[in-house]
Amino acid sequence: MTGPARLVRPRRVAEVSALLGGARPVAGGTDLLVQRRAGAPHHSLVDLTGLEDAPPPLRVTAGPSPSLVLSAVAPIAVVVDALDGRFPALADAAAFFASQQIRNRATIGGNLATGSPAADTVPPLLAAGAVVTIRGADGEREAPLEDFLLGPRAVDLRPAEWILAVTVPAPPAAGGYRKVGGRRALAISFLDLAWQWRADDGVLRDVRLAMGSVAPTVVRLRGAEAELEGRRVTPDVAHAAIAAVQADIHPIDDLRASAGYRRRCAAGLLREALGSIDARHPHPAASHTHLALPTTSTSCEHPTCPVSAGDIVA
Amino acid sequence: MRVNGQSVDLAAAADALGVKVDEVAGTRLLDVLRDGLGLTGAKEGCGMGECGSCTVLVDGRAVCSCLVLQGQVTDADVETVEGLADRGGADLQEAFVRRQAVQCGYCIPGVLMSCAALLERVPEPTDDDIRGALDGNLCRCTGYNRFHDAVHDVARGRCAGAS
């Protein structure tokens, strides 16, 4: 057994920051307690799961263009249940997030705070333009998620700060998520892709793509977005976007996959995302078939595609 | 904290654990259950949330008790396999026996709790529902088909009983 930690359990949001001097916040604990068992220093812990005035799992703001305010300290399973289909890309990511037991404890705040480029809730949140609400000793501040992510295991949290909520401008109905992992459950992503767009009579608008595990942080694929914005997805447009991805990403070799394999998969994931555009299915993300196992074909069939042939060393 | 419907004597648990009472809060729920309360149904497999053999229910949701600290569930209802029969799960246990869904048995307390949580939320689960509910439970001998058979049996039995 692991020795006991010193754990305090504040009841009020306003009490937390004062307790964080020298202590670490813990919510689901699904990452922190694993690190602790592996020999990480035994920090004192401040539990964020007993806050009586924490935000509800989901709040939908009033007005013509409502935002979704997601609790950062509620279990992901609870948040996704409350969303009830309102954010399909996040629901798809959650369906492939770890396991039922982990989804019942792990929080979005924890997934963001660990700063992992492989954190599975980040691509959908980044594609949706999420804003992080950070609580500190002097009150709240907000940071766009893209600015909040600084590097591997590095995020913009100052001493005594913690994540209270994440606000998502209402995402368009068309969005989804695909992940490549070693198996269906409990797999750290080799890479993953979230997308959202509006298809106006076949023309894509407000295209936003975010990919994980291909750079020091989860990244927007701005080159590929630019190739798609305002266009119909013809084979040539799809090809240009897929080729542009290669300049948007900077994958490395690591224990899970090689850089070359990730480049091929990146092309394959975007092609599959574009293949989900189908007028008969206005909600292409609604099915739960979005896990691509490594056996999925990832070579591009286009004759001039830079990632099609054997020039990628996998 | 209530475990299987009963309030827990934290002083006695601390004694059994060999820690001070105020250290129980920072002790893993799994250790409190097994070494503090003598409830050895939940097993430690990996100790890092990968295998699910320590699965218990916290307020009806399946969690890995190796990744929860006791102080995080002071207000909660914890259910372990020891309480399952008394809390309406005897039919699930009997179905596992009837379907021979047990071989070495190490994973079974966790598997049963995951299935019990599923059946509470989804009275007539599909195979996909069952797969999703068991995606955090590793079994390396019986395999999963008999778990599915047992869960379907229970769903049918409960629906027939309710009508």
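Residues numbered from 1 in each chain as written. Chains lettered and ligands numbered in written order. Predicted model: local features only at pLDDT ≥ 70, side-chain atom pairs only at ≥ 80, totals over all residues. Heavy atoms only, no water.

Asker: Before we go on, may I ask you to explain the overall build of chain B in this structure?
Answerer: Assigned secondary structure in chain B consists of six helices and five strands. In chain B, the succession of α and β elements from N to C terminus is β-β-α-α-β-β-β-α-α-α-α. Taken over the C-alpha trace, chain B has a radius of gyration of 16 Å; the compact-globule value for 163 residues is 15 Å, and the two agree within 12%. Oriented by its inertia axes, the alpha-carbon framework of chain B measures out at about 50 × 35 × 20 Å. Within chain B, the fraction of its 163 residues that count as buried is 53%. The contacts of chain B with a sequence gap of at least 6 include a subset with a gap of at least 24, amounting to 59%. (Helix = DSSP H or I, 4+ residues; strand = E, 2+ residues; numbered from the N terminus. Rg over C-alpha atoms; globule rule 2.2 N^0.38 Å. Buried < 20%, exposed > 50% of the residue type's maximum accessible area, 1.4 Å probe, protein only. Contact = heavy atoms within 4.5 Å.)

Asker: Please clarify how the domain arrangement of chain A should be interpreted in this entry.
Answerer: It is common to report an interface's size as the accessible area lost on association of the parts. Residues and elements named next belong to chain A. Once the domains are mapped, chain A shows domain 1 (8-46 + 54-169) and domain 2 (175-287). A separation of 24 Å is found between the C-alpha centroids of domain 1 and domain 2. Taken together, the contacts link 26 residues of domain 1 with 27 residues of domain 2. Around 2000 Å² of area is buried between domain 1 and domain 2 when both sides are counted, 59% of it from carbon and sulfur atoms. (Domains from an automatic or database assignment. Buried area = accessible area lost by both parts, 1.4 Å probe.)

Asker: Sorry if this is basic, but what is going on with the pairing of strand 6 (residues 131-136) of chain A here?
Answerer: Both faces of the sheet carry side chains from a regular strand, because those side chains alternate between them. Residue and element names in this part refer to chain A. Among the six residues that make up strand 6, five are buried, leaving the element largely enclosed by the rest of the structure. As paired elements, strand 6 and strand 7 (residues 139-144) share six bridges and run antiparallel to each other. Bridging across to strand 7, Val131 finds its partner in Pro144. Here strand 6 folds back onto strand 7, and the loop between the two strands holds two residues. (Pairing = 2+ DSSP bridges.)

Asker: I keep staring at the nonpolar core and nothing clicks. Help me out?
Answerer: Across soluble globular proteins, you tend to see nonpolar side chains buried next to one another. Residue and element names in this part refer to chain A. Ranked by size, the top nonpolar core spans 75 residues in total, and within it Leu70, Leu112, Leu125 and Leu145 carry the most contacts. Beyond its immediate stretch of four places on either side in the chain, Leu70 contacts Pro57, Leu58, Val79, Leu83, Leu90, Ile108, Leu125, Ala165, Val166 and Val168. If you look at the next biggest cluster of nonpolar residues, it comprises 32 residues, including Leu191, Ile242, Val245 and Ala273. (Core = buried A, V, L, I, M, F, W, Y, C linked by side-chain atoms within 4.5 Å.)

Asker: Quick question: what am I supposed to make of the state of the cysteines here?
Answerer: Between two cysteines, a covalent bond joining their sulfur atoms is known as a disulfide. Residues and elements named next belong to chain B. Tallied over the entire structure, the rule returns zero disulfides over all chains. Free cysteine Cys104: the closest other cysteine sulfur is in Cys141, separated by 3.9 Å. Not part of a disulfide, Cys115 finds its nearest cysteine sulfur in Cys107, a span of 9.9 Å. (Disulfide = S-S within 2.5 Å.)

Asker: Would you explain helix 2 (residues 29-36) of chain B in this entry?
Answerer: For an α-helix the count is 3.6 residues per turn, leaving residues at separations of three or four pointing the same way. With respect to burial, helix 2 of chain B is a largely interior element, six of its eight residues being buried. Downstream of helix 2 of chain B by one or two residues, Gly38 of chain B has phi in the positive range, about 70°.

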